[in-house]
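Here is how the chains run, residue by residue.
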Amino acid sequence: MDWYQTVFEVIDMRSFSNLWFWIMLAVIWSSASYFVIGVPFDLITRAGRHGGQAAEDLATLVRINVNRILYISSVSGLWLTGLGFFFLTILAILGFGYRMEFAQAVFLILMPLSGVAAVSVRTCHVIHNFDLQGDALRARLMFHRRITQVIGMFAIFVTAMWGMYQNLSLGVLGG
């Protein structure tokens, strides 16, 4: 028996019928909505409830992450955007043009995350330009989190519908 054949029999290499794909999708969107521009959500809520040192920690961490994201976007933002859409285009062509299921799965994960990245850069610009502090800063971070959650819900819904369509169209035995 061939080693590759054994591996492919033991591990389902189709993305949408693989449990690990769905676990990874849930973890990615859970992490994306928990870390708001790199700031943990519990720090945002703790700063709102208790203030004091938690509020100072929030302001410091937001300042560090905002400066880091704005620096990266100003230095290499165009290149990252171009390369990102280049790879997304390759994934879309391979996935939907050539019907490679793995490329479809990766595209359905990365495309909405690119939207979250764009919203994150925009949020960083707003925080930096208006020098948001205190309640206004927490409100902006909560707004960003809600936008990320809406994008994530829509992305999970579309991915689930496409995955069910793929699984039903290929049949139970993969034929």
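This text gives an overview of the structure that appears in the document. (Residues numbered from 1 in each chain as written. Predicted model: local features only at pLDDT ≥ 70, side-chain atom pairs only at ≥ 80, totals over all residues. Heavy atoms only, no water.)

### Things to note about the packing of aromatic side chains
The tally for this structure, following the rule as stated, stands at eight aromatic pairs. Relative to Phe 21, the ring of Phe 16 has its centre 5.4 Å away and its plane inclined at 80 degrees; by these criteria the two rings are edge-to-face. Ring plane angle 90 degrees and centroid distance 4.9 Å describe the contact between Tyr 34 and Phe 35, whose orientation is recorded as edge-to-face. Taken together, Phe 96, Phe 107, Trp 162 and Tyr 165 form an aromatic cluster joined through their ring pairs. For Arg 145, the ring lying beneath its charged end belongs to Phe 41, and the centroid distance is 3.6 Å. (Phe/Tyr/Trp six-rings, centres within 6.5 Å; stacked < 30°, edge-to-face > 60°. Lys NZ or Arg CZ within 6 Å of the ring centre and 35° of its normal.)

### Let's talk about the packing of helix α4 (residues 52-97) against helix α5 (residues 101-129)
Where α4 contacts α5, the two axes come as close as 9 Å, and the packing angle between them is 155 degrees. With respect to each other, α4 and α5 are oriented roughly antiparallel. Helix-helix and strand crossings are classified by hand; for α4 and α5 the assignment is left-handed. (Axes fitted to C-alpha atoms, helices over the stretch in contact; angles between N-to-C directions. Helix = DSSP H or I, 4+ residues; strand = E, 2+ residues; numbered from the N terminus. Parallel < 35°, antiparallel > 145°, perpendicular 65-115°, else oblique. Left-handed = near helix turned anticlockwise from the far one by under 90°.)

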